[in-house]
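Below are the chains, spelled out letter by letter.
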Amino acid sequence: MRPTDHYAKIGAWGYVIAALCISLSLSAQSFVADRGLFDAYVNEDMSVWKEYIDSNDQRLTTNDLLYEYGYCGYIVAEAKKDGQEALLPEAKQYVQLFRQHIEDMRQILPVGHYEMYMSAVYVYELRLHESIHPVKAMSLAKDATKLAPQDPIVLSYYGTCLFYAPKPFGSKAEALEWFEKAEILFREAKWQYCWIREANEMYIKQCREKLKMQ
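All figures in this text were calculated on a predicted structure; none of them were measured in a lab.

Visitor: Now, about the side chain of D64: what can you tell me, with residues and values included?
Guide: Relative to the elements of secondary structure, D64 occurs in helix α4 (residues 62-79). Apart from residues lying up to four places away in sequence, D64 is in contact with Y52, N56 and R59.

Here it is, written out as structure tokens:
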């Protein structure tokens, strides 16, 4: 961000203070949005997410893609339910828009997130019969973990792929390992209202329950 003429006039310290105020203001806005969207996720009210995504279509941030990713997963799953076929065009539209946003923001995405999101796109397209790239989806997910081995979002995503993929690609035991790695990293305070942290805990419980039954 370049200093404006106004900031130049108030001097270096004035610019630092002004920039800090802007940063705190944006952080506060993000915090409120994240808390509200997190609560909506916990309460299974995805209409809140839809409204948020639709309203931010022209001014997306890298953080917003995380909600697009989650909403696409939700709407695709809903569209695949018996009697919900009317949702298929909407699901395809959101996945296509998600793909477009990923490409638009590729150069500024956190390390590993491009691979993670594109993997998710291939999974969604597979479920919608738009493309068939299951091996590529798994490969991209694995690549993301190599690029960002300390990113709990990336690690949890790969765990999700392993959780749902059929054998020999998937494994509940291996998925649990990745979820547990992510859980340790998710303990940082900044992840408190991250919906993937909540989902990761759910998957840990499900993995342990399923492995006990084997």
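More follows now that the structure is in view.
Visitor: Tell me about the pattern of salt bridges, and name the residues and values.
Guide: For the coordinates displayed, the defined rule picks out 9 salt bridges. One salt bridge in this structure joins D39 and R35, with 3.3 Å as the shortest N-O distance. In this pair, D39 and R35 both sit in helix α2 (residues 11-42), 4 residues apart, roughly one turn of the helix. For D39, a relative accessible area of 31% puts it in the partly exposed group. In this structure, K50 engages D54 in a salt bridge whose closest nitrogen and oxygen atoms are separated by 3.0 Å. Highlighted residues: K50 and D54, both in helix α3 (residues 47-55), separated by 4 residues, approximately one helical turn. Salt bridges here are not isolated pairs; linked through shared partners, they connect R197, E198 and E201.

Scoring rules and cut-offs
- Residues numbered from 1 in each chain as written.
- Predicted model: local features only at pLDDT ≥ 70, side-chain atom pairs only at ≥ 80, totals over all residues.
- Heavy atoms only, no water.
- Helix = DSSP H or I, 4+ residues; strand = E, 2+ residues; numbered from the N terminus.
- Contact = heavy atoms within 4.5 Å.
- Salt bridge = Lys/Arg side-chain N within 4 Å of Asp/Glu carboxyl O.
- Buried < 20%, exposed > 50% of the residue type's maximum accessible area, 1.4 Å probe, protein only.

On their own, these measurements won't tell you what the molecule is for.
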